[in-house]
Amino acid sequence: MRQRSKVSAQSNPPPSCIRGESSSNIENVVLVAKRSNYVILALFVLVVYGTWYVYQHQFLNLPRPLGAKEVGKRGFSEHETIEHVKALTQLGPHPVGSDALDHALQYVLQAIETIKETTHWEVDVEVDLFHAKSGVNLMVGGLFKGKTLVYSDLNHIGLRISPKYAPEATENAILVSSHIDTVFSTEGAGDCSSCVAVMLELARGVSQWAHGFKSSVIFLFNTGEEEGLNGAHSFITQHPWSDTVRVAIDLEAMGVGGKSGIFQAGPQPWAIETFASAAKFPSGQIVAQDIFKSGAIKSATDFQVYQELAGLSGLDFAYADNTAVYHTKNDKLKLLTPGSLQHLGENMLAFLLKAGTSTDLPKGKATNSRGKSGQDTAIYFDILGTYMVVFRQRAASMIYNSVILQSLLIWTTSLFMGGYSAMVSLALSSLSLMLMWICAIGFSVLVAFVLPLVSSSPIPFISSPWLVVGLFGAPAVLGAFTGQHVGYLILLKYLTKTISRRNVNLPFAVQDDLAKLDAERWLYKAGLMQWLVLLIVGNFYKIGSSYLALAWLVFPAFAYGFLEATLSPARLPKPLKTVTLLIGLSVPFLLSSGIIIHLVATLIGSAVRLERSPGSNPEWLGNVILALFIAAMACLTLVYLLSYIHISGAKVPLIITTCLLFGISLAVVQLGVVPPFTEDTARAVNVVHVVDMTGANGRKQEPASHISLFSTTPGNLVKEVEHIGEGFTCGTDKPLDFVTFSVKYGCWSDKNANIGWHESDIPLIRVENDTKDDNRVTHVSIDTKVSTRWTLGINADEVEDFQLKDGPEELVPIGDKSNADGWHIIQFSGGKNAPRKFSMILFWADNHTHKSHKEDSNTEQPLLKLRTDVDRITSPTETVLEKLPQWCSLFGKSTSPLTLAFLSSLPVDF
């Protein structure tokens, strides 16, 4: 786009002067409101290439794995660490209560004994095989709402390394924690054998450095994390070392390999500031922390226990590559990316060396009992994985407030000087923003609804994430451009009328070009207004990732103000320079493009386990979530670039390119060129042998057993059942209540379902005593028989409070109980010697006249509902598992049943 005039640039005549000029001078004013197609093409190529470059360096660029000889005694070796991972994964799945977990504990103990033999002579190494007695987790935040987690007979390993001649160091400890146990469905190479292996190698290295430390380092290898953070809870509440901990570091995984980044830090900023100054390859984003703490990700880590229960500050790390394999058979060593362990190990070793020699460890509790903090928290993010920026929230608020006030002042001044036409132009440019969002979301969400109709799977992009670019990215960009262009045309029409009234003597062609140039500038400034609003909202709610809104506002505004802006409404609009866009967007894209791709990849992987209660959500829900996110990112990040296209000839090529990209991607999906799932990126399913003792209205019935097949991945199971055979029927006719969740769509088979279990395995719920008066109290006994992993639902509409005992020992005390959806859930897990017989006292609500009874008796809820899990593969279950397609994998979590489950209940009117 060029503006050519025979009048010098310093003497561009204002419209008022043009109106009074002679016709010969007017004819000298020539405007060309056009931009080269090649400029637009170059800008898009630069954005795409630059975005991928940032993502690659920020998340994919891993250090070279090092051998033991290269690092010596004091360094970190991935080659040595991977041997630990191999040993642990060869044990297969090792959940709580399994023989494999006992073998894993023994392996860790043997590895620690080897470390003790080679430790520095001025360093003390203490080992404690800690047996946790029964305990109860009464936290109520996040996933714990409406739940009580009870545990028993857990074993952990504590390793404390401290300087031998500085006994005071043991009173100030840095805790490094992870869990040895896995879910039943995976060998756990990523989650979290890799973390345990890294800790063992770190312990070896620290044992050669600790003679110069001012504090000790405790490595906690806990069990029970996968059942509800029980290992961390038992350590904090039962182990004497816990009182000496000043900083807690948790190592986790929600994928397999890649960079282990910080996704939670604080509340005190000391740990993240120390890490930022010490780490060789810092990786961490407060964006991830904001998302995690918002509850958008339904998960929790041991760090929540350390923060909320112990009041500690620290860091929470997680591997997050290939999240689709989380808790499935594919969390295996083969998929662990080389360099992943070296990355985490070198960062952690550098941090521990710096923190261990520091005398400034945080003292006292950082949070109150509800996890709230009065600390000046830290905002942090890394740049290309090579440098980490950390600054305090208080400083951020000062910067944000300053920028907001200056922006509002500039806008107010500009609108005051521009008058009525400026205000209307702002309103119409804001309309273009609204249309951009509406069309971008509309186009991409429409695809989300269409995909389940044309594909064998509602989410056909899991094994080929690149399909998302064409399926959702192209429609989002096309929609954003279409909406903005419609707004541009409306704005252009208004500006053309305004300019023609003010400059009646100008040729019509010049008036049209003036309007086009002015409209382009208003669209650019609308982008500034968009980010200003987001900054104001983020600053008000103290959202850590508001620094991104600051970058997307300040740098484009600076480039515009430095190269383009004038406060005088009498000046002719100048064409926006390409360099304005390059300068304005370079830093924002550097800070955010890698994060956006990483978040999209995480969303894609998470779609595998989207359905917490199979069949309860529409098939298109996962697609809609992904479409909304991609459309939002397109509108936020491309608003400035798209404003450059409207006066160029690139409109048609853009439309053709996006349509072609979408068409090819849709054809690939519809024709089945690439499968939705593969052996290494599998669909999450559960195969459970169910023995059901619950009848209508929760009443006891004769045992009815069947093999149940259901999936947390959206979509029907027709293809899978055809592959398996075994007489399965699929549909919504046989819903199952597993206490912690329900299966509304699934498949079932009665074939040979009566073998593999015994009536003596069926749990018992017996009413021992019932006092029916104004304060009704009922005594109930529960015998879980062979199960040490069970879930009990208590009807909160009928029962106001309760107490749970193991013989004389009180497990769950009387007190206020939270509930979710009218139920309070007790989840119990323990080792082989955990108790199996319990007593309960139920305190009925004052108006307990069958509040859960409905007019339709078939909808009456029971008083108690119990599920007991047994880690036993029965003969019919084994047959189904052998025939399970290679693109499917068992999926485990704390709330899901094992391969054999017994369901029983106690009706309200027992």
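Cut-offs applied
Residues numbered from 1 in each chain as written. Predicted model: local features only at pLDDT ≥ 70, side-chain atom pairs only at ≥ 80, totals over all residues. Heavy atoms only, no water. UniProt positions renumbered as here; feature names shortened; annotations may be inferred. Helix = DSSP H or I, 4+ residues; strand = E, 2+ residues; numbered from the N terminus. Buried < 20%, exposed > 50% of the residue type's maximum accessible area, 1.4 Å probe, protein only. Pairing = 2+ DSSP bridges. Salt bridge = Lys/Arg side-chain N within 4 Å of Asp/Glu carboxyl O. Patch = residues over 30% accessible without salt bridge, like charges linked within 9 Å, V, L, I, M, F, W, Y side chains within 5 Å. Areas by Shrake-Rupley, 256 points an atom, 1.4 Å probe, with all protein chains shown as cover. Lys, Arg positive; Asp, Glu negative; His and termini not counted. Charge placed at Lys NZ, Arg CZ, Asp CG, Glu CD. Phe/Tyr/Trp six-rings, centres within 6.5 Å; stacked < 30°, edge-to-face > 60°. Disulfide = S-S within 2.5 Å. Axes fitted to C-alpha atoms, helices over the stretch in contact; angles between N-to-C directions. Parallel < 35°, antiparallel > 145°, perpendicular 65-115°, else oblique. Left-handed = near helix turned anticlockwise from the far one by under 90°. Contact = heavy atoms within 4.5 Å. Nonpolar A, V, L, I, M, F, W, Y, C, P; charged D, E, K, R; others polar. Expected span 1.5 Å × (residues − 1). Bend = angle between axes of the 7 residues up to and from the residue. pLDDT = per-residue confidence, 0-100.

(A) Structural context of the UniProt feature "transmembrane region" (unreviewed entry) in the protein. Feature annotation in UniProt places "transmembrane region" (unreviewed entry) on residues 38-55, 408-428, 435-454, 466-492, 579-608, 620-642 and 654-673, given in this structure's numbering. Between the C-alpha atoms that bound residues 408-428 there is a distance of 19 Å. The span itself is 100% helix and 0% strand. Here residues 466-492 runs as 96% helix and 0% strand, with 37 Å between its end C-alpha atoms.

(B) Structural view of the pairing of strand β9 (residues 245-253). With eight of nine residues buried, β9 is to be regarded as a mostly interior element. By the bridge criterion, five bridges tie strand β7 (residues 173-179) to β9 in an arrangement that is parallel. Bridge assignment links V176 to a residue of β9, and that residue is I249. Of the strand pairs in this sheet, β9 and strand β11 (residues 313-319) are connected by seven bridges, and their pairing is parallel. By the bridge assignment, I249 is partnered in β11 with L315.

(C) Structural context of the pattern of salt bridges. This structure, assessed with the given rule, holds 24 salt bridges. Two residues, R35 and E520, come together in a salt bridge whose shortest N-O distance is 2.7 Å. With a gap of 485 residues between them, R35 in the loop between β2 (29-32) and α3 (37-60) and E520 in helix α15 (residues 508-540) connect regions that are remote in the sequence. Judged by relative accessible area, which is 2%, R35 ranks as buried. Sharing partners across several salt bridges, the network here consists of E227, R789, R867 and D869.

(D) Region of interest: a negative patch on the surface. Among the surface-exposed residues, D773, D774, E800, D816 and D846 lie close enough to one another that they form a single negatively charged patch. The residue D816 is located in the loop between β24 (809-812) and β25 (823-830) in this model. For D816, a relative accessible area of 85% gives the class exposed.

(E) Geometry of the UniProt feature "domain: Peptidase M28" (unreviewed entry) in the protein. If you check UniProt for "domain: Peptidase M28" (unreviewed entry), the listed places come out as residues 164-351 in our numbering. What you have in residues 164-351 is 34% helix and 20% strand, and the ends, taken at the C-alpha atoms, are 21 Å apart.

(F) Up close: the packing of aromatic side chains. The tally for this structure, following the rule as stated, stands at 24 aromatic pairs. Seen from their ring centres, F461 and F472 are 5.9 Å apart, and the 80 degrees between their planes marks the pair as edge-to-face. On the criterion of sequence distance, the pair formed by F461 in the loop between α13 (393-454) and α14 (467-502) and F472 in helix α14 is long-range, its members being eleven residues apart. Overall, F472 belongs to the buried group, its relative accessible area being 0%. Judged by centre distance (5.9 Å) and plane angle (55 degrees), the rings of F710 and F741 are tilted. Of this pair, F710 sits in strand β15 (residues 700-711) while F741 sits in the loop between β17 (736-737) and β18 (742-743), and the two are 31 residues apart along the sequence.

(G) Spotlight on the state of the cysteines. Summed over the entire model, instances satisfying the criterion amount to two disulfides. What pairs with C192 in a disulfide is C195, and their sulfur atoms sit 2.0 Å apart. Between C192 and C195, the S-S torsion sits near -50 degrees, and that sign places the bridge as left-handed. Here C192 and its partner C195 are both found in helix α7 (residues 189-206), three residues apart, which amounts to about one turn of the helix. The exposure classification of C192 matches that of C195, with both residues buried. Paired through a disulfide, C730 and C747 show a sulfur-sulfur distance of 1.9 Å. In this structure the cystine formed by C730 and C747 twists about its S-S bond by roughly 100 degrees; its chirality is therefore right-handed.

(H) Region of the structure containing the packing of α13 against helix α18 (residues 621-637). Here α13 crosses α18 at 155 degrees, and the two axes come no closer than 8 Å. As far as their axial angle goes, α18 and α13 are roughly antiparallel. The hand of the α13/α18 crossing is right-handed. Across the interface between the two elements, M436, W437, A440, I441, S444, V445, A448, F449, L451 and P452 from α13 touch N623, V624, A627, L628, A631, A632, C635 and L636 from α18. For the contact of α13 with α18, the class distribution of residues is 16 nonpolar, two polar and no charged.

(I) Expanded view of α14. An ideal rise of 1.5 Å per residue puts 52 Å on 36 residues; α14 measures up with 51 Å between its terminal C-alpha atoms. Along its length, α14 reaches its greatest deviation from straightness, about 35 degrees, at G473, and the proline P475 lies no more than four positions downstream.

(J) Quick peek at the confidence of the model for the protein. When pLDDT is averaged across the protein, the result is 92; 93% of the residues are at 70 or more. Contacts of residues 1-26 to residues separated by more than four positions or lying in other chains number 50 contacts, the stretch itself having pLDDT below 50.

(K) Structural context of the sheet that holds β7. Reading across from one edge, β3-β6-β8-β7-β9-β11-β10 is the order of the seven strands in this open sheet, with mixed pairing throughout. The sheet terminates laterally at β3 (123-132) and β10 (260-266), the two strands that pair on one side only. For this sheet the average axis-to-axis angle between neighbouring strands, irrespective of direction, equals 20 degrees. Of the strands in this sheet, β6 (154-163), β7, β8 (216-222), β9 and β11 touch α7, which is tilted by about 135 degrees from β9.

(L) Representation of the side chain of E225. Looking at the secondary structure, you find E225 in the loop between β8 and α8 (230-238). At 11 Å, R789 is the nearest oppositely charged side chain to E225, a buried residue that forms no salt bridge. Not counting residues up to four positions away in its chain, the partners in contact with E225 are H179, D181, N230, G231, E252, A300, T301 and D302.

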